[in-house]
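Tertiary structure, described
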Amino acid sequence: MATINNTDIIFATVQQQGNTILSMQFSGITSIAQIIKQLREKLSDKMGLIKLHIRNRTQGWAQEQAIYFQKAATPSVQLTLW
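Residues numbered from 1 in each chain as written. Predicted model: local features only at pLDDT ≥ 70, side-chain atom pairs only at ≥ 80, totals over all residues. Heavy atoms only, no water.

1. Structural notes on the nonpolar core
So the rule is basically this: Here, nonpolar core means buried Ala, Val, Leu, Ile, Met, Phe, Trp, Tyr and Cys residues that are tied together by side-chain atoms lying within 4.5 Å of each other. Working definition: with a 1.4 Å probe on protein chains only, accessible area under 20% of the residue-type maximum means buried, over 50% means exposed, and in between means partly exposed. Helix and strand definitions here come from DSSP, where helices need a minimum of 4 consecutive H or I residues and strands a minimum of 2 consecutive E residues; each element is numbered from the N-terminal end. What makes two residues a contact is simply this: any of their non-hydrogen atoms within 4.5 Å.
Among the nonpolar cores identified, the biggest contains 19 residues, and Phe26, Ile35, Leu39 and Leu52 are the most heavily contacted of them. For this core, the elements supplying multiple residues, two or more each, are strand 1 (9–16), strand 2 (19–27), helix 1 (32–42), strand 3 (48–56) and strand 4 (61–69). The greatest single-element share of this core, amounting to four residues, is contributed by helix 1. When residues no more than four places from it in sequence are discounted, the contact partners of Leu39 are Val14, Leu22, Met24, Phe26, Leu52 and Phe69.

2. Looking at helix 1
Basically, it comes down to this: Each direction from the helix axis to a C-beta atom contributes to the arc, which is the arc of those directions.
Within the span of helix 1, buried status applies to Ile32, Ile35, Ile36 and Leu39. With its buried residues spanning 95° around the axis, helix 1 presents them on a single face. Away from its buried face by more than 90 degrees, helix 1 exposes Ala33, Lys37 and Glu41. As for helix 1, its buried residues are in contact with strand 1, strand 2, strand 3 and strand 4.

3. Points about the side chain of Gln16
This is how the line gets drawn: Here a polar contact is recorded for every N or O atom pair within 3.5 Å, except that within protein the pair must consist of a potential hydrogen donor and a potential acceptor, and residues adjacent in sequence are included only if both atoms are side-chain atoms.
With respect to the secondary-structure elements, Gln16 resides in strand 1. At a separation of 2.7 Å, a polar atom in the side chain of Gln16 contacts the main-chain carbonyl oxygen of Met47. Other than its neighbours up to four places away in sequence, Gln16 contacts Ile21, Lys46, Met47, Gly48, Leu49 and Ile50.

4. A few points about the pairing of strand 4
This is how it is decided: Here, a strand pair is defined by DSSP locating no fewer than two bridges between the strands.
Here strand 3 pairs with strand 4 via nine bridges, running antiparallel. Note on strand 4: the bridge partner recorded for Leu52 is Gln65. Between the end of strand 3 and the start of strand 4, which pair antiparallel, lie four residues, with Gly60 showing a positive phi angle near 85°.

5. Topic: the confidence of the model for the chain
Our working definition: One number per residue, pLDDT, summarises how confident the predictor is, and it ranges from 0 to 100.
Residues of the chain with pLDDT of at least 70 account for 94%, and the chain-wide mean is 89. Per-residue pLDDT, averaged within each element of the chain, yields its smallest value for helix 1 (92) and its largest for strand 1 (96).

6. Observations regarding the sheet that holds strand 3
For the record, the criterion: Every axis corresponds to a line fitted to the C-alpha atoms, with the helix fit spanning only the stretch in contact, and the corresponding angles, defined between N-to-C directions, vary from 0 to 180 degrees.
One open sheet holds the four strands; their spatial order is 2-1-3-4, and the pairing between them is antiparallel. A single partner strand is all that each edge strand has here, and the edge strands are strand 2 and strand 4. Averaged over all pairs of adjacent strands, the angle between their axes in this sheet comes to 20°, without regard to strand direction. In this sheet, strand 3 lies alongside strand 1 in antiparallel orientation, the contact comprising six bridges. Paired with Ile10 across the bridge in strand 3 is Asn56.

What follows is the structure, encoded as structure tokens:
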């Protein structure tokens, strides 16, 4: 697995059904999990299979992976009947 240093400049591109739906630049992160967390926040309205392309400009590597996004479960509300 590729490493990420907090000084690296990372580019992330997200595609769904062949269309680019988001492109972002990151710095100050140290893991792919942090990238995915931020992407989930930005793409909270999207569901389904996405293709994530990550490029580390500083170290010169790139990788691509498929990720399945699903909507977060809505919190339950308990109703009380008197």
